[in-house]
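Descriptive analysis of the structure
Here is how the chains run, residue by residue.
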There are 2 protein chains.
Amino acid sequence: MKNLRRAALDAHKKYKGKLSVISKVPLKSKRAMSLFYTPGVAEPCKEIFRKPADAYKYTSLGNTIAVVTDGSAVLGLGNIGSLAGLPVMEGKCALFKEFGGVDAVPICLNTQDVDEIVSVVRAIAPGFGGINLEDISAPRCFEIEEKLIKALDVPVFHDDQHGTAIVCLAGLINALKVVGKVASRVEIVMSGAGAAGIAIAKLLLKYGFKNICMVDSRGTIYAGRPGLNKYKKEIAKVTNKKKRKGGLDVVLDGADIFIGVSRPNIATRGMIRSMADKAIVFAMSNPDPEISVKDAKAGGATIIATGRSDYPNKINNVLVFRGIFIGALEARAKKITDKMKLSAAKALAGLIKKPSANRIIPGVFDKGVADRVAKAVKKNI
Amino acid sequence: MKNLRRAALDAHKKYKGKLSVISKVPLKSKRAMSLFYTPGVAEPCKEIFRKPADAYKYTSLGNTIAVVTDGSAVLGLGNIGSLAGLPVMEGKCALFKEFGGVDAVPICLNTQDVDEIVSVVRAIAPGFGGINLEDISAPRCFEIEEKLIKALDVPVFHDDQHGTAIVCLAGLINALKVVGKVASRVEIVMSGAGAAGIAIAKLLLKYGFKNICMVDSRGTIYAGRPGLNKYKKEIAKVTNKKKRKGGLDVVLDGADIFIGVSRPNIATRGMIRSMADKAIVFAMSNPDPEISVKDAKAGGATIIATGRSDYPNKINNVLVFRGIFIGALEARAKKITDKMKLSAAKALAGLIKKPSANRIIPGVFDKGVADRVAKAVKKNI
């Protein structure tokens with residue numbers, strides 16, 4: 001890790017950040033200046049003033065999104081603030097462009113107040129065709145997203161929630177094919193009830209999974225458990241219907257699928273061994289999974305997925321967020337609906353013609369991923 | 001004009017706006033992904049968390065500015081709102097890059113409330129190394145700029161004020177050389193007391209001009225005139241010391257210099273004829289000047305400058321704003337001071353080795369303008 005640390009710092013220093021804002025138009029002649037700047041630029045202004053939707057015709061609006069963070073939950077680093085989160089935001093924007101052709105601008109907020117965030121994003125919204133929320137801690141992220149979706153008529157998407165949920169569902173669709181099980185009948189145990197956990201649970205239920213039991217740091221979540229926040233209360237109504245109590249060790253016993261979006265090294269070989277036959281383990285905590293690939297294998301898991309690049313089956317939002325936004329922007333969708341999310345997951349899963357234990361999801365560098373997802377999203381707005 | 005209109009609309013439509021946000025770093029391999037995205041990106045985040053100033057080392061912050069507008073005074077179009085102003089903001093950002101290498105992002109606000117604008121810009125400030133205010137109407141622009149300068153420790157620059165003032169001063173420095181007059185002794189009449197007019201008057205006084213008489217739509221501005229706003233009251237204290245009253249026609253009689261930053265066609269041949277010998281006329285209203293070049297000539301003006309590309313002596317902010325920001329960003333200046341503005345004007349004037357009636361200011365495409373201005377600004381922070 002020490003080498004990576006040095007190399008990463010050197011690379012960032014060498015390039016002085018990752019983004020550049022360039023002109024798409026030639027500005028080398030007086031004629032070009034008079035078309036794209038004064039006096040010609042007044043003409044598209046007048047057109048947009050008459051008909052605001054024409055902004056999509058005459059400006060970069062339709063291909064430009066803001067990547068907004070308050071720095072409250074950056075990677076696994078926690079609440080380091082938005083300035084310290086800027087390298088991640090720049091990285092995200094670079095990925096949007098490199099792999100999806102979307103122009104993305106980092107917006108680092110110096111407030112972590114829910115209502116202030118909502119009003120600031122509303123205030124800067126006119127220049128953006130979409131808003132990607134990034135690295136905002138739960139449960140604040142739910143409220144911020146809800147309020148912004150209501151307030152704006154451009155797509156608002158919290159990638160840590162829905163990007164993760166979509167790619168997780170895509171992986172599960174193929175994993176089930178490999179082990180020959182059916183969504184409606186399997187039992188899922190999920191460790192983690194933050195932004196990603198709750199979004200995954202909701203999307204899996206929409207898809208047709210029926211039995212999910214969520215576990216947070218205090219054990220299983222069940223209706224009536226004292227001290228649940230609004231969002232955990234809601235999810236408690238539709239999960240763990242038997243109101244099982246206890247920790248991971250208790251509920252993993254006999255489960256078909258383990259999904260981890262929580263903390264490193266909280267599951268053991270023994271727990272995996274107690275799962276049902278042909279167990280599926282998605283240990284997605286980053287960079288260190290809930291259980292190492294080695295231990296999950298030793299516990300007898302048939303399919304193992306993580307967030308890591310050095311093992312097969314990397315569950316990575318990069319596979320999703322570009323396609324979601326390309327599709328939504330091209331279709332001028334006003335919202336990202338569940339239907340769009342489900343179609344994205346199915347399209348992503350469909351890219352693997354013959355799923356196998358070591359290949360349930362495309363790789364980050366596979367060609368055509370964003371296009372395929374975008375097409376599916378566009379068709380399903 | 002009809003052809004230009006069609007051509008400008010077609011050009012904007014063809015390119016779908018003017019800006020693109022690209023990755024400066026290669027992201028084509030797993031290794032690159034692990035350096036610039038997870039897990040490597042965590043390293044610069046941690047460094048910046050420990051030492052915020054390191055953001056200048058590891059991110060694009062030091063070369064990135066926001067071009068912020070509320071759309072209240074876009075070009076000569078007035079209060080058309082920020083969305084309709086987006087083509088201008090994109091154009092401005094494109095110029096920043098093409099002619100100055102600065103990465104600039106348009107921020108279109110959907111509020112025109114002074115305090116809201118200030119708090120929104122403060123809230124998004126962490127991701128920007130500087131703030132360029134654009135096309136915000138007077139007198140609100142003065143208050144917004146003042147408050148932001150106090151609130152932020154990165155350069156805040158309202159180009160419509162100071163860019164115009166700097167390039168106007170540069171032109172005057174050379175114009176005086178041509179006619180053989182001295183700044184401290186000439187009499188200036190200025191039509192227009194908005195953003196540009198007040199900023200020009202202030203900068204000219206700092207430079208060493210002594211006699212300025214400002215005229216707005218109600219006639220000359222003088223101390224004690226009823227109904228003056230706070231900013232006109234302030235400028236009245238240091239201009240028009242004889243408290244002359246009346247319109248342009250009255251005060252232009254015998255004046256050495258006419259500066260127009262107001263409305264088209266408000267000065268006449270006769271007025272110019274009434275000016276002192278070797279009169280200097282800067283008629284900068286855009287696209288139609290306060291008096292046509294033809295009429296100013298017929299009135300006997302020795303030097304005529306406008307904002308137009310089709311005549312000599314184009315007074316254009318493009319000559320200034322890039323250099324100001326490059327210099328300020330490179331020096332990590334916290335403010336744009338008067339000293340920096342004066343040095344920019346002198347540097348710009350100095351680029352013309354032998355000023356003549358038809359060449360008092362460099363052209364937009366002249367090489368090295370931004371560099372020269374930037375160097376001067378950097379030396380004088």
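So, how was this worked out
Residues numbered from 1 in each chain as written. Chains lettered and ligands numbered in written order. Predicted model: local features only at pLDDT ≥ 70, side-chain atom pairs only at ≥ 80, totals over all residues. Heavy atoms only, no water. Helix = DSSP H or I, 4+ residues; strand = E, 2+ residues; numbered from the N terminus. Rg over C-alpha atoms; globule rule 2.2 N^0.38 Å. Buried < 20%, exposed > 50% of the residue type's maximum accessible area, 1.4 Å probe, protein only. Contact = heavy atoms within 4.5 Å. Lys, Arg positive; Asp, Glu negative; His and termini not counted. Charge placed at Lys NZ, Arg CZ, Asp CG, Glu CD. Core = buried A, V, L, I, M, F, W, Y, C linked by side-chain atoms within 4.5 Å. Salt bridge = Lys/Arg side-chain N within 4 Å of Asp/Glu carboxyl O. Pairing = 2+ DSSP bridges. Axes fitted to C-alpha atoms, helices over the stretch in contact; angles between N-to-C directions. Patch = residues over 30% accessible without salt bridge, like charges linked within 9 Å, V, L, I, M, F, W, Y side chains within 5 Å. Areas by Shrake-Rupley, 256 points an atom, 1.4 Å probe, with all protein chains shown as cover. Buried area = accessible area lost by both parts, 1.4 Å probe. pLDDT = per-residue confidence, 0-100. Left-handed = near helix turned anticlockwise from the far one by under 90°. Nonpolar A, V, L, I, M, F, W, Y, C, P; charged D, E, K, R; others polar. Phe/Tyr/Trp six-rings, centres within 6.5 Å; stacked < 30°, edge-to-face > 60°. Right-handed = clockwise from strand over helix to strand, strands pointing away. Least-squares fit on C-alpha atoms with pLDDT ≥ 70 in both. Parallel < 35°, antiparallel > 145°, perpendicular 65-115°, else oblique.

**Thoughts on the overall build of chain A**
Secondary structure summary: chain A contains 16 helices and eleven strands in total. What you see for chain A is a C-alpha radius of gyration of 22 Å, in line with the 21 Å of a compact globule of 381 residues. When burial is assessed residue by residue, chain A has 61% of its 381 residues classed as buried. Counting only contacts in chain A whose residues sit at least 6 apart along the sequence, the fraction spanning at least 24 positions is 67%. In chain A, the 61 positive side-chain charges and the 34 negative ones have mean positions that sit 4 Å from each other.

**Let's talk about the nonpolar core**
Among the nonpolar cores identified, the biggest contains 255 residues, and Ile107(A), Ile259(A), Phe282(A), Ile107(B), Ile259(B) and Phe282(B) are the most heavily contacted of them. Once residues within four sequence positions are removed from consideration, Ile259(A) is found in contact with Cys168(A), Leu172(A), Ile188(A), Val189(A), Met190(A), Ser191(A), Ile200(A), Leu204(A), Phe282(A) and Met284(A).

**Quick notes on the pattern of salt bridges**
A complete count under the given rule lists 51 salt bridges over all chains for this structure. For Lys28(B), the salt bridge goes to Glu98(A), with nearest N and O atoms at 3.2 Å. Of this pair, Lys28(B) sits in the loop between strand 1 (19-23) and helix 2 (30-36) while Glu98(A) sits in helix 5 (residues 86-100), on two different chains. Of the charged contacts, one joins Lys232(B) and Asp216(B) as a salt bridge, the two residues approaching to 3.1 Å between their closest N and O atoms. Of this pair, Lys232(B) sits in helix 10 (residues 230-238) while Asp216(B) is found in strand 7 (residues 211-216), placing the two residues 16 residues apart along the sequence. Note on accessibility: Lys232(B) and Asp216(B) belong to one class, buried. Taken together, the salt bridges that share partners define one network made up of Arg5(A), Glu43(B), Lys46(B), Glu47(B) and Arg50(B).

**Here's the deal with the sheet that holds strand 7 of chain B**
Residue and element names in this part refer to chain B. A sheet is described by the order of its strands in space; here six strands give the open sequence 8-7-6-9-10-11, paired in mixed fashion. Two strands lie at the open edges of the sheet, namely strand 8 (219-220) and strand 11 (303-306), each paired on one side alone. Strand direction decides the pairing type here: strand 7 and strand 8, joined by two bridges, are antiparallel. Looking at strand 8, one finds that aspartate 216 is bridged to glycine 219. The sheet strands contacting helix 8 (residues 159-179) are strand 9 (257-260), strand 10 (280-283) and strand 11, and the helix crosses strand 10 at an angle near 160°.

**What to know about a positive patch on the surface**
All names here are of chain A. A surface patch of like charges, here positive, comprises Lys177, Lys353, Arg372, Lys375 and Lys379. With three residues, helix 16 (residues 369-379) is the single largest residue contributor to the positive patch. In this structure lysine 379 comes out as exposed when scored by relative accessible area, which is 71%.

**Let's talk about the interface of chain B and chain A**
Contacts between chain B and chain A engage 90 residues on the former and 91 residues on the latter. In total, about 8,700 Å² of surface goes out of reach between chain B and chain A, with carbon and sulfur atoms giving 70% of it. The largest share of the area that chain B buries against chain A comes from Val21(B), Tyr37(B) and Tyr58(B), three residues that together contribute 8% of it. The interface formed by chain B and chain A contains six salt bridges. The residue Arg5(A) makes a salt bridge to Glu47(B) at a minimum N-O spacing of 3.0 Å. For the side of chain B that touches chain A, the secondary structure elements donating two or more residues are helix 1 (2-15), strand 1, helix 2, helix 3 (42-50), helix 4 (55-58), helix 5 (86-100), strand 3 (103-108) and helix 6 (114-124) of chain B.

**Some points on the environment of Ala183(B)**
Residues and elements named next belong to chain B. By the element assignment, alanine 183 lies in the loop between helix 8 and strand 6 (187-191). Separated by 17 residues in the primary sequence, alanine 183 and isoleucine 200 place their C-alpha atoms 14 Å from one another. Excluding residues within four positions of it along the chain, alanine 183 makes contact with Leu176, Tyr207, Gly208, Phe209 and Lys210.

**Quick notes on the confidence of the model for chain A**
When pLDDT is averaged along chain A, the result is 96; 99% of the residues meet or exceed 70. Two summary scores accompany this predicted model of the complex, namely pTM at 0.95 and ipTM at 0.94.

**Some words on the packing of helix 15 (residues 338-350) of chain B against helix 16 (residues 369-379) of chain B**
Residues and elements named next belong to chain B. Packing of helix 15 against helix 16 brings their axes to within 8 Å, and their N-to-C directions diverge by 140°. You can see that helix 15 and helix 16 cross each other, and the crossing is right-handed. Where helix 15 abuts helix 16, its residues Met340, Ser343, Ala344, Ala347, Leu348 and Gly350 lie against Val369, Arg372, Val373, Ala376 and Val377. The residue inventory of the contact of helix 15 with helix 16, partitioned by class, reads eight nonpolar, two polar and one charged.

**Describing the packing of aromatic side chains**
All names here are of chain A. According to the stated counting rule, one finds 14 aromatic pairs over all chains in the structure shown. Note on phenylalanine 142 and tyrosine 231: the rings are 4.8 Å apart at their centroids and 35° apart in plane angle, and the pair reads as tilted. Of this pair, phenylalanine 142 sits in helix 7 (residues 140-151) while tyrosine 231 sits in helix 10 (residues 230-238), placing them 89 residues apart in sequence. There is no split in this pair, since phenylalanine 142 and tyrosine 231 are both buried. Ring centres 5.8 Å apart and planes at 35° place the aromatic pair tyrosine 207 and phenylalanine 209 in the tilted group. Judged by relative accessible area, tyrosine 207 falls into the partly exposed class, the value being 29%. Connected via pairs of aromatic rings, a cluster forms that spans Phe96, Phe157, Phe321 and Phe325.

**Some words on the pairing of strand 11 (residues 303-306) of chain A**
Residue and element names in this part refer to chain A. In strand 11, alternate side chains face the same way, and those of Ile303 and Ala305 on one face and Ile304 and Thr306 on the other are all buried. Sheet topology note: the strand 10 (residues 280-283)/strand 11 ladder contains four bridges and is parallel. In the strand pairing of strand 11, valine 281 is matched with isoleucine 304. For the crossover from strand 10 across helix 13 (residues 293-298) to strand 11, the handedness is right-handed.

**Focus: the relation of the copies chain B and chain A**
For the pair chain B and chain A, the superposition axis carries a translation of 0.0 Å, the fit reaches an RMSD of 0.0 Å, and the rotation angle comes to 180°. The transformation just described matches what one would write down for a two-fold rotation axis. Relative to the rotation axis, the C-alpha of Val21(B) is the closest in chain B, positioned 2.3 Å from it. When the interface residues of chain B are mapped onto chain A, 100% of them again lie at the interface, so the same face is used by both copies.

**Some points on the sheet that holds strand 10 of chain A**
Residues and elements named next belong to chain A. Read from one edge of the open sheet, six strands run 8-7-6-9-10-11, paired in mixed fashion. Since the sheet does not close on itself, it has two edges, and those belong to strand 8 (219-220) and strand 11, each with one partner. Here helix 8 (residues 159-179) sits on the sheet in contact with strand 9 (257-260), strand 10 and strand 11, set at roughly 160° to strand 10. Packed on one face of the sheet, helix 9 (residues 195-207) meets strand 6 (187-191), strand 7 (211-216) and strand 9 and runs near 175° to strand 7.

**Quick word on the environment of Ile381(A)**
Residue and element names in this part refer to chain A. Note that isoleucine 381 resides in the segment after helix 16. In sequence terms isoleucine 381 and valine 250 are 131 residues apart; their C-alpha atoms lie 41 Å from each other. The residues contacting isoleucine 381, other than those within four sequence positions of it, are Ala331, Ala333, Lys339 and Met340.

**Structural notes on the packing of helix 9 of chain A against helix 15 (residues 338-350) of chain A**
Residue and element names in this part refer to chain A. It is at 11 Å that the axes of helix 9 and helix 15 come closest, and there the two elements cross at 85°. With respect to their mutual orientation, helix 9 and helix 15 come out roughly perpendicular. Mapping the contact onto sequence places Leu203, Lys206 and Tyr207 in helix 9 and Asp338, Lys341, Leu342 and Lys346 in helix 15. When its residues are assigned to classes, the contact of helix 9 with helix 15 shows three nonpolar, no polar and four charged.

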